[in-house]
Amino acid sequence: MLNLADELKHTKEKYALERAKSSFEQRQKIDRIVFDEVLHLQDEKAFITKMNHILNALPDKLKEKFPEITYKEIVFCCLLMLKLSSNEIAFILEYKQTSLYKFKQRLIKKLGFATSKEFEQMLYNKMNT
């Protein structure tokens, strides 16, 4: 990965003082700003470009192999390969943990995999080839 962890850390530090003085709701807004600033989640083209660069063209490979895949599903796959925690992924996608689990299970089935392990192995293989 292209120092994405460092980029997130630096951006979090930029907002640390403001975040420390904030309410829970304000902290969540700041956390969303941090992820959006680093990952460009609101700009599909910018996100795809950045993830293609960091993850060895994973988004393009997924679109090619699975034309029916949605942007949100690509975001999920990329966040998974970036090794973000399930709490962070749920936060970014605006899901509860149980909803994130269901989302993942539906995606696995939609793409034709029997297990989560098979699905994740395919992602690793796509990222590393």
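That block above? That's the structure.
Residues numbered from 1 in each chain as written. Predicted model: local features only at pLDDT ≥ 70, side-chain atom pairs only at ≥ 80, totals over all residues. Heavy atoms only, no water.

Some thoughts on the overall build of the protein chain
Step number 1: The helix and strand inventory of the protein chain stands at 9 helices and 0 strands.
Step number 2: Against the compact-globule benchmark of 14 Å for 129 residues, the protein chain has a radius of gyration of 15 Å, which places it among compact chains.
Step number 3: In the protein chain, which comprises 129 residues, the proportion classed as buried is 40%.
Step number 4: A separation threshold of at least 6 residues defines the contact pool for the protein chain, and within that pool the share at least 24 residues apart is 55%.
Step number 5: Here the protein chain displays about 7900 Å² of accessible surface, and carbon together with sulfur accounts for 52% of that area. (Helix = DSSP H or I, 4+ residues; strand = E, 2+ residues; numbered from the N terminus. Rg over C-alpha atoms; globule rule 2.2 N^0.38 Å. Buried < 20%, exposed > 50% of the residue type's maximum accessible area, 1.4 Å probe, protein only. Contact = heavy atoms within 4.5 Å. Areas by Shrake-Rupley, 256 points an atom, 1.4 Å probe, with all protein chains shown as cover.)

Side note on the environment of Leu93
Step number 1: Topologically, Leu93 is positioned in helix H7 (residues 86-93).
Step number 2: Sequence spacing of Leu93 and Asn52 is 41 residues, and the spatial spacing of their C-alpha atoms is 19 Å.
Step number 3: Leu93 has contacts with Lys72, Val75, Phe76, Leu100 and Phe103, leaving out every residue within four places of it along the chain.

Topic: helix H5 (residues 58-65)
Step number 1: Among the residues making up H5, those that are buried are Leu58, Pro59 and Leu62. Projected down its long axis, H5 shows its buried positions confined to an angular sector of 100°, all on one face. (Arc of directions from axis to C-beta.)

What to know about the nonpolar core
Step number 1: One finds Leu39, Leu55, Phe76, Leu82, Phe119 and Leu123 to be the most contacted residues of the largest nonpolar core, which totals 43 residues.
Step number 2: Secondary-structure elements contributing two or more residues to this core are helix H1 (4-14), helix H3 (24-39), helix H4 (44-54), H5, helix H6 (71-81), H7, helix H8 (97-110) and helix H9 (116-127).
Step number 3: Broken down by element, the residue count for this core peaks at 8 residues, all from H6. (Core = buried A, V, L, I, M, F, W, Y, C linked by side-chain atoms within 4.5 Å.)

Topic: the packing of aromatic side chains
Step number 1: Throughout the structure, instances matching the rule amount to 6 aromatic pairs.
Step number 2: Arranged with centres 5.8 Å apart and planes meeting at 90°, the rings of Phe47 and Tyr71 form a pair that is edge-to-face. Of this pair, Phe47 sits in helix H4 while Tyr71 is found in helix H6, placing the two residues 24 residues apart along the sequence.
Step number 3: Residue Tyr71 is classed as partly exposed on the basis of its relative accessible area, which comes to 22%.
Step number 4: Ring geometry for Tyr95 against Phe103: centres 5.3 Å apart, planes inclined by 40°, an arrangement best described as tilted.
Step number 5: The exposure class assigned to Tyr95 is partly exposed, which follows from its relative accessible area of 26%.
Step number 6: In this structure, Arg32 packs its charged tip against the face of Phe91, placed 4.3 Å from the ring centre. (Phe/Tyr/Trp six-rings, centres within 6.5 Å; stacked < 30°, edge-to-face > 60°. Lys NZ or Arg CZ within 6 Å of the ring centre and 35° of its normal.)

Side note on the side chain of Ser22
Step number 1: By the secondary structure assignment, Ser22 is in the loop between helix H2 (16-20) and H3.
Step number 2: If near-sequence neighbours (up to four positions away) are discounted, Ser22 is found in contact with Arg27 and Ile30.

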